[in-house]
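One-letter residues, chain by chain:
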Amino acid sequence: MPPYRLLTRTLAGVVTDRVPPGLVQVAVLLGVLTPVVGSLSGTGVAVPAATAESLPYYLTGTAQAVVLACLVLVWLVPSTALVLTAAGTAVCGLAPDALAGPSGLWLAAAAPLGVLAVADQLLAVRRRALARAVLRDGSSTVTLPPVHPAVRADLLRTGWGRSALGVLLLAAGLAATVLLAHDHVAATRFRAGAETATGVVERVTEDGLSMSVRVDEGTFDAPVNYQERSPGDAVRLRFDPVTGRAEAVDDVFDASTALIPVVGCGFTGGLLLAQVRRRRARLAALLDEPQPAVVALAHGAPRAGGALLTPVDDVTHLLATAPALVPVAGPAFVLVVPDDDPDDGRDDFDDVTDNPQGHKAWDVTADAWHREDEDDDEHRVLVSELSDAELLDLAREVGADDEPSGEHDPFRPPAGDPVRAAGVPVVLMGLAGDDAPVAVGVGPDVYVSLRPLRPPRWRWPRRVAVAERPGAWRAFADSRDRAVEQLGRRAGRWLPWVALLPAGWGLRGVARWGDATWSTAAGLVFGLVALAWSVSVWGQPRVDLSPRGLRVRGFLLDTLVPWRRVTGTAADDQALVVRYDDDEPGGNAMLVPLGGGGLPLTRDGATPAEVHARIEGRAAAARAEPLRTPHGAVPPVERRPTVPVLAALAWLVVCVVAVAGA
């Protein structure tokens, strides 16, 4: 390992000098909810027209909208949300009670938030200064190995989900802005030409949101915004005899309520887009430009798909977690390149392509194996031509991608598990303390983190358990989860059928008692059918060895292969492959990844190797027995509806009959 600078406890401030995110999130939640709930629980303050149309009222409403938006932003950008919440609560606290509610509650929340925000910003300044002094001195820099262009483009596409959400939020904010402008202009015009008179409240709706007021010119319906009204109350009414619009003079329509979606959606959407763009730019810089490098110790973090980082001189203190590590160079990186010319006369599985890092990879994609070119059988890859190792690789890809169709992204490198021991020296490359993606060098392999380093949530810095024994809470949580899972597995086999008739009888009673509409009844039926299907799915294994043959569960249809048609099996610790004869050239194969869809492989939790031995034994015994079918024909491979589909159909019939007879 080259002589990079060592990341010791003394220099750990480049990563750890920050207020713990968990403390920030709790402070923001309490700082927002306390004054908001206090304002809502108090007596409403009437808002006259002059106040509702004033600039200070809209500025205060904007501050309140920013504070409410921080309830979401604090989970995305804790430091930014902390500063915005402190500033927004301070503005609301300095405003009169008529504009934002009790100022004491807002100021009581603003004081601790302000102290915490100042401390966080000072620590950020210190962290960046230390990073410039330690990481950017030029004595310890490294440039990542060249990354394949397709892999680089795929890495830079990260964050598309946040981008789409940001665009939707911006569109919602724009629509709310149009609504705000429309309501404000309409209210201003109405008040400019309306008449005023004193009337009497004749009726108040049951929800208390509207009232009917009688004046000399007639009876008008007006909204009830902040003040409670009762029949017989005298009200000063502003009304337009032409349009029929009316409002109480001392309790007017408040158009500024649209500021909540305007600011909340618009600000959150813009921040999401800016964050994605900033992260992509920093990831591009990490891949292309020289980066500072330090040596730290890493410990396995399979739950995060990455590694826990500690100083080299103290393995008991966790600095941060490098999450979502994917290999980009070294032996751990295997590039899968699709065949650009399927008609070049070459077999896709005979080609081996060199990637820029010098490592070999099969020139194969999922659609090359399932090539839908029936007119060109010369280049069609038969299952019989594939080795067991290749089929097991395909099965593992199906399980890793969690796609029953078997399709996968040929350029996406698999999530890494770079560190499987404790105290492994690694090279940390990138601006570790600047909320930017980093790279981690583990021996000859280089991994890139798709997200910035994640600091400890609650402490500065917290201790890391390098021993394999989990803590008491983790052990309790694991035991609880196992018990719930076992109960659900067992109940999923019989509960949908046992509860079928009682649920139908209960739905019939609810439909009669509640006088439900067709839309409500349809929603109840859909929800019950979906629940029955989900519970039944939870109780089904992936593979069932029945006397007639091997049954492999599918999403909608199961595949039943008679034992005489099973021609071979292969298994490792992650997948099971079953070859069978379906009267097609080359035969076929079923790929069963371990734990695919979260379901166990068998009812008794057998391993792929155990299932492999059972299938081989059953198939050999079946071939040794004489056929008992007419003309000695082997039963065909069958496709049958899955048990969850049958349960869902039964529930659908019972629920529809129950609702129709109500």
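All values reported here derive from a predicted model rather than from experimental measurement. (Residues numbered from 1 in each chain as written. Predicted model: local features only at pLDDT ≥ 70, side-chain atom pairs only at ≥ 80, totals over all residues. Heavy atoms only, no water.)

Caption draft 1: Fine view of the confidence of the model for the protein chain. Looking at the protein chain, pLDDT values average 75 and 76% of them are 70 or higher. Confidence, read as mean pLDDT per element, is least for strand S13 (residues 360-362) in the protein chain (29) and greatest for helix H5 (residues 78-94) (89). A low-confidence stretch, residues 336-380 stays under pLDDT 50, and its non-local contacts, those more than four residues away or across chains, total 77 contacts. Contacts from residues 462-470, a stretch scored under 50 in pLDDT, to residues over four places away or in other chains number 16 contacts. (pLDDT = per-residue confidence, 0-100. Helix = DSSP H or I, 4+ residues; strand = E, 2+ residues; numbered from the N terminus. Contact = heavy atoms within 4.5 Å.)

Caption draft 2: Main features of a nonpolar patch on the surface. A cluster of nonpolar side chains, Trp 497, Leu 646, Leu 649, Leu 652 and Val 656, forms an exposed patch at the surface whose accessible area comes to about 440 Å². If you trace the backbone, Leu 646 turns up in helix H17 (residues 643-660). (Patch = residues over 30% accessible without salt bridge, like charges linked within 9 Å, V, L, I, M, F, W, Y side chains within 5 Å. Areas by Shrake-Rupley, 256 points an atom, 1.4 Å probe, with all protein chains shown as cover. Salt bridge = Lys/Arg side-chain N within 4 Å of Asp/Glu carboxyl O.)

Caption draft 3: Molecular detail of the sheet that holds strand S23 (residues 638-641). Across the sheet, four strands lie side by side as S17-S18-S19-S23; this open sheet has antiparallel pairing. Looking at strand neighbours, the two that pair on one side only are strand S17 (543-545) and S23, the edges of this open sheet. Sheet twist, expressed as the mean angle between neighbouring strand axes with direction ignored, is 25°. In the sheet, S17 pairs with strand S18 (residues 549-552) via three bridges, with the strands oriented antiparallel. Across the sheet, the residue bridging to Val 543 is Val 552, located in S18. (Pairing = 2+ DSSP bridges. Axes fitted to C-alpha atoms, helices over the stretch in contact; angles between N-to-C directions.)

Caption draft 4: Region of interest: the packing of helix H4 (residues 55-73) against H5. Viewed as axis vectors pointing N to C, H4 and H5 meet at an angle of 150°, and their least axial separation amounts to 8 Å. Put simply, H4 runs roughly antiparallel to H5. Like other packed secondary-structure pairs, H4 and H5 cross with a definite hand, here left-handed. Every residue of H5 that contacts H4 at Thr 60, Ala 63, Gln 64, Val 66, Val 67, Cys 70 and Leu 73 is listed here: Pro 78, Ala 81, Leu 84, Thr 85, Gly 88, Thr 89, Val 91 and Cys 92. When the residues that make up the contact of H4 with H5 are grouped by side-chain class, the tally is ten nonpolar, five polar and no charged. (Parallel < 35°, antiparallel > 145°, perpendicular 65-115°, else oblique. Left-handed = near helix turned anticlockwise from the far one by under 90°. Nonpolar A, V, L, I, M, F, W, Y, C, P; charged D, E, K, R; others polar.)

Caption draft 5: Structural context of the packing of helix H9 (residues 160-193) against helix H10 (residues 259-288). The geometry of H9 relative to H10 is characterised by a closest axis approach of 7 Å and an angle of 150° between their N-to-C directions. By the angle between their directions, the pair H9 and H10 is classed as roughly antiparallel. Considering only the axes of H9 and H10, their crossing is left-handed. For the contact of H9 with H10, the residue count by class is 15 nonpolar, nine polar and three charged.

Caption draft 6: Spotlight on the nonpolar core. In this structure, Val 24, Val 28, Leu 82 and Leu 180 are the most contacted members of the largest nonpolar core, which totals 30 residues. At the level of elements, helix H2 (21-41), H4, H5, helix H7 (103-134), H9 and H10 are the ones that each hand at least two residues to this core. For this core, the leading source of residues is H4, giving seven residues. The contacts of Val 24, once residues within four sequence positions are left out, are Val 19, Val 74, Pro 78 and Leu 82. Residues Leu 156, Leu 287, Val 295 and Val 427 belong to the second largest nonpolar core, which totals 23 residues. (Core = buried A, V, L, I, M, F, W, Y, C linked by side-chain atoms within 4.5 Å. Buried < 20%, exposed > 50% of the residue type's maximum accessible area, 1.4 Å probe, protein only.)

Caption draft 7: A look at the sheet that holds strand S20 (residues 566-571). Strand order in the open sheet formed by three strands is S20-S21-S22, and the pairing between neighbours is antiparallel. In this open sheet, the two edge strands, each paired with only one partner strand, are S20 and strand S22 (588-593). On average, each strand axis in the sheet is inclined to that of its neighbour by 15°, with strand direction left out of account. Pairing geometry for strand S21 (residues 575-580) and S22, over six bridges, is antiparallel. Bridge pairing in S22 links Leu 576 to Val 592. The strands that helix H16 (residues 608-624) touches are S20 and S21; relative to S20, the one it contacts most, it runs at about 165°.

Caption draft 8: Up close: the environment of Pro 496. Mapped onto the elements of the fold, Pro 496 is located in helix H13 (residues 472-498). On the basis of relative accessibility, which here comes to 3%, the residue Pro 496 falls in the buried class. Separated by 33 residues in the primary sequence, Pro 496 and Val 529 place their C-alpha atoms 9.7 Å from one another. Setting aside chain neighbours within four positions, we find Pro 496 in contact with Ala 491, Ala 532, Val 535, Ser 536, Ala 647 and Trp 651.

Caption draft 9: Highlighting the pattern of salt bridges. Across all of its chains, the model carries 13 salt bridges by this definition. Residues participating in the shared-partner salt-bridge network are Asp 544, Arg 551, Arg 553 and Asp 558.

Caption draft 10: Geometry of the pairing of S20. For S20 and S21, the ladder comprises five bridges, and the chain directions are antiparallel. Of the residues in S21, the one forming a bridge with Gly 568 is Arg 579. What sits between S20 and S21 in their antiparallel hairpin is a turn of three residues.

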